[in-house]
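Residue-level structure breakdown
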Amino acid sequence: MATRSWAEPYKIKAVELIKLTTPEQRKEAIREAGYNTFLLRSEDVYIDLLTDSGVGAMSDRQWAGMMTGDEAYAGSRNFYRMQETIETYYSYKYTVPTHQGRGAEHILSKMLISDGDYVPGNMYFTTTRLHQELAGGTFVDVIVDEAHDPVSDHPFKGNVDFAKLNALVEKVGADHIPYICVATCVNMAGGQPISLANLHELRSWCDQHKVLLVHDMTRVAENAYFIQQREEQYKEKSIREIVFEICSITDIATMSSKKDAMVNIGGFLAMNDPALYEQACALVVVYEGLHTYGGMAGRDMEALAIGITESVDDDHIRARVGQVEYLGEQLQRAGIPIVTPIGGHAVFLDARRLLPHIPQDRFPAQALAAALYLESGVRSMERGVVSAGRDKTTGENHMPELELVRLTIPRRVYTQAHMDVTAESVIQVAERAEEIQGLRFTYEPEVLRFFQARFEPV
Ligand SMILES: *Cc1c(COP(=O)(O)O)cnc(C)c1O
């Protein structure tokens, strides 16, 4: 068993009971869910590692803040508090609240992308790319090659590869690139960070080519932690200082506050340019709500403001990423193939190496997620060919190099004992890996198919 010299920097004030199920119940539940863990009822889940989105535990301070919600239609005091907090911690002057991250992506894509434009990014994210495509753009992956290699130990797999970026400019011209979108702690690469050295270089590149730098800041605090640990000149800086520096060298940010900021719902689009802010205000009122609430209740904006201050605390982030590492290291010691280095929000199982007998068009990661649920009631998520979807022109499946199952750790929710049970379950599934069968679609939605697709064993 692993040991560690610190414990969670909080104590438990309220608990939520969870249910243990029998193997028979789980067999029935996963069949009914079409072998898609998104379609399971949460009540049938024991340890829920589907996502870290909106499932964090709010602090007593955040709950107290909820009671101070000012639910005015216009000009809620909580909006101003949130906007000031965003400026103080994240540097951005103007904030447009949205119901969650994709609301911000929608508005941003509509504002900046014209038909035929290209939008480079450090690996795609599902909703981000779809909004870019719906606005007439084409996403281009410019992340370093190491990001696609699950065994590379590159410390900053989220970095941008400038050769790829320059090749794109040569091919399409910088005037067809409205912006580059970089994510901090790249979700689809396994929660892998981008370095500040790379970001500073990107800032100069963007100035030189007159391309805006957009920051998908969903997991900026986790990225800051890796910078503190791995980038020499930042090891004495606080998470708060590093987060501020990252934000201050980018032009615009989209945020899903359901992740880093530990609220159950909410997000925003933030920026420094008043002209862009004016455009964003004109769109938010159509798609989300008035520019001072944009799809969020006053109480939720208050909880978000407090969540931001807690998310950049050094003790919090060390324990948060530490818990992920604790799980990952147990799996590594047992010889389970996972993506390395271990990411900031999740441990990613490498389904290609765990289930070499299942070809990619039989969805090994999807099958592995279903098998893990059957084993122990632990819910995980596919991040492979099902999530990647189909090419918008050829209609063929995107065949990503990474075929992963994500064990995503909610913030401040589970204890070390839950991590131990999870590790044991994965090890048990791996021991009988050859019994796991591939899957085929019985229902395939046209967009974001992973959410609602149904399967059957082949
Ligand atoms: C979750 C997520 C989003 C979308 O945010 P939602 O709040 O789920 O709409 C965008 N980018 C990244 C990197 C994410 O992880």
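Bear in mind that the values here come from a model prediction, so they are computed numbers and not experimental data.

Parameters at a glance
Residues numbered from 1 in each chain as written. Predicted model: local features only at pLDDT ≥ 70, side-chain atom pairs only at ≥ 80, totals over all residues. Heavy atoms only, no water. Domains from an automatic or database assignment. Contact = heavy atoms within 4.5 Å. Buried area = accessible area lost by both parts, 1.4 Å probe. Salt bridge = Lys/Arg side-chain N within 4 Å of Asp/Glu carboxyl O. Pairing = 2+ DSSP bridges. Helix = DSSP H or I, 4+ residues; strand = E, 2+ residues; numbered from the N terminus. Axes fitted to C-alpha atoms, helices over the stretch in contact; angles between N-to-C directions. Near = heavy atom within 4 Å. Polar contact = N/O pair within 3.5 Å; in protein donor to acceptor, adjacent residues only side chain to side chain. Areas by Shrake-Rupley, 256 points an atom, 1.4 Å probe, with all protein chains shown as cover. 1 Å grid on protein atoms, 1.4 Å probe; cavity = no way out; pocket = protein on both sides within 12 Å on 5 of 7 lines; lining within 4 Å. Sits in = over half its atoms within 2 Å of the grid points. Expected span 1.5 Å × (residues − 1). Buried < 20%, exposed > 50% of the residue type's maximum accessible area, 1.4 Å probe, protein only.

With that out of the way, let us pick up the domain arrangement of the protein chain. What the domain assignment lists for the protein chain is domain 1 (23–52 + 314–457) and domain 2 (60–311). For domain 1 versus domain 2, the distance between C-alpha centres works out to 26 Å. Listed as interface residues are 34 residues of domain 1 and, on the opposing side, 42 residues of domain 2. Note on domain 1 versus domain 2: buried area summed over both sides is about 2,900 Å², and carbon and sulfur give 54% of it. When residues of domain 1 are sorted by the area they lose upon contact with domain 2, Ile317, Pro341 and Leu402 head the list and together hold 19% of the total. Applying the counting rule to domain 1 against domain 2 returns 4 salt bridges. The salt bridge partner of Arg411 is Glu222, with a shortest N-O separation of 2.9 Å.

What follows deals with the sheet that holds strand β12 (residues 404–408). Reading across the sheet, the 3 strands line up as β9-β12-β11 and stay open at both edges, with antiparallel pairing between neighbours. Of all strands in the sheet, those bounded by a partner on one side alone are β9 (346–350) and β11 (381–383). Averaged over neighbouring strand pairs, the angle between their axes works out to 35° when direction is ignored. Alignment of β9 against β12, held across 5 bridges, turns out to be antiparallel. From the neighbouring strand, Asp350 faces β12, where its bridge partner is Leu404.

Next up on the list: the site of the ligand. As a structural note, the neighbourhood of the ligand is formed by 13 residues, with Arg102, Asp216, Arg219, Ser256 and Lys259 the closest of them. In this structure, a nitrogen atom belonging to the ligand sits 2.7 Å away from a side-chain N or O atom of Asp216. Ser256 is positioned with one of its side-chain polar atoms (N or O) 2.6 Å from an oxygen atom of the ligand. Surface burial for the ligand is 95%, taken as the share of its 380 Å² of free accessible area covered by protein chains. More than half of the atoms of the ligand fall within 2 Å of the grid points belonging to the second largest pocket.

Given a rise of 1.5 Å per residue, 13 residues ought to cover 18 Å, and the 19 Å separating the end C-alpha atoms of helix α14 (residues 364–376) matches this to within 8%. All of the buried residues in α14 are Pro364, Ala365, Gln366, Ala367, Leu368, Ala369, Ala370, Ala371, Leu372, Tyr373 and Ser376. Positive backbone phi, at 80°, marks Gly377, one or two positions downstream of α14.

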